[in-house]
Amino acid sequence: MYIYEKKGRYIIDFQDIPAKRAEMPEIEVEERQGNMKEVETGFPEDVAVAEAKRCLACRRCLGCALCWAECKPEAINFDMPDEDFELEVDEVILTSGMQRKIAPIRGNYGNKHMNVVTDLQVERMLADTGPSDGLIFRPQDGEIPKKIGFAQTFGGVDDKVRDAALFYAVNEAIMAQKKIEGVEISFVSPDMDAFKASAGSDLDKVSGVNFVNGTVAEATEVGENKDIELKYEVGGSEKTETFDLLVLLTRPQLPPMIEGSAKKLGIEVNYVSFLGTPGEIVETDKAGVMLAQNM
């Protein structure tokens, strides 16, 4: 790699770009029928590492040197070599970070319905500093939804993870009520009864929200407005309800970077390890290594 002058600008000649994108492996079509199996199986480690390096190469420095010219403290030194530092510390506190996984729902494979969004997307909409200035809307036509459904499509997780995901969504529902007068909001979760028991009186303070203990089956577009028809099972009976906007709950989990850091420190952790009283620091089996709690 070198810098050369071309048309009056300094541009780095990257010999490895473009690199072909790896194809995500998937299970066979026959294997997908009648179940909720993840279609994409994920990259093996060696492919994932190569893909990550390829992505990091997409927007790296072009060598224009504008940052160097604009940095008045002269903090940029193109000639500085990479260095590894070893730090001696008394204690290490790990924080969880977060990445959220979307469980697919029949009828919306490939996220093809625009009026089906995730709780993360709704969070961005609700933020006053977000792209919509705090306005929650239907991506299909920009209309303000008058009926919103929250659906939990994942299962088989620790109770604390379930509660964290549902509390997160309930907070979004409360914020949506404040922004949209008269909005109807429903939750459908296979663990709603257990969540209610766990939440106790905290959930009693939430009014105007319909909490349903049901298993989500399918989400399809209906009508010219492309509303979302949600099918779910309650007590052995199939129910159907139509929403202006359907919000899929995502499952919180640890980023691989945090899991890797924990292993290097000699401890085993998962997302539950970090769920507790927000702000509290708890000790681990490894002396000097602690975990910052959140909820």
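Reading guide: rules and limits
Residues numbered from 1 in each chain as written. Predicted model: local features only at pLDDT ≥ 70, side-chain atom pairs only at ≥ 80, totals over all residues. Heavy atoms only, no water. Axes fitted to C-alpha atoms, helices over the stretch in contact; angles between N-to-C directions. Helix = DSSP H or I, 4+ residues; strand = E, 2+ residues; numbered from the N terminus. Parallel < 35°, antiparallel > 145°, perpendicular 65-115°, else oblique. Contact = heavy atoms within 4.5 Å. Nonpolar A, V, L, I, M, F, W, Y, C, P; charged D, E, K, R; others polar. Buried < 20%, exposed > 50% of the residue type's maximum accessible area, 1.4 Å probe, protein only. Pairing = 2+ DSSP bridges. Right-handed = clockwise from strand over helix to strand, strands pointing away.

**Q** Which residues make up the packing of helix α5 (residues 159–179) against helix α6 (residues 192–199), and what values do they have?
**A** Running from amino to carboxyl end, α5 crosses α6 at an angle of 85°, the nearest separation of the two axes being 10 Å. Classified by the angle their axes make, α5 and α6 are roughly perpendicular. In this structure, α5 uses Arg162, Asp163, Leu166, Phe167 and Val170 to contact α6, whose residues at the interface are Met192, Ala194, Phe195, Ser198 and Ala199. A per-class count over the contact of α5 with α6 returns seven nonpolar, one polar and two charged.

**Q** Report on the pairing of strand β6 (residues 147–151), specifying residues and quantitative values.
**A** Most of β6 sits inside the fold, with four of its five residues counted as buried. Relative to strand β7 (residues 184–189), β6 is paired through five bridges, and the arrangement is parallel. Residue Phe150 lies in a different strand from β7, and its bridge partner there is Phe187. The parallel pair β6 and β7, bridged by α5, forms a crossover whose chirality is right-handed.

**Q** Kindly report on the sheet that holds strand β10 (residues 227–234), identifying the contributing residues and their values.
**A** Strand-to-strand pairing in sheets goes through backbone hydrogen bonds, with the strands running parallel or antiparallel. Overall, antiparallel pairing links the three strands, which are arranged β9-β10-β11 in an open sheet. Among the strands making up the open sheet, the edge pair consists of β9 (215–222) and β11 (237–243). The mean angle between the axes of side-by-side strands here comes to 20°, regardless of whether they run parallel or antiparallel. Bridging between β9 and β10 involves seven bridges; their strand directions are antiparallel. Considered in β10, the bridge of Thr215 is made with Glu233.

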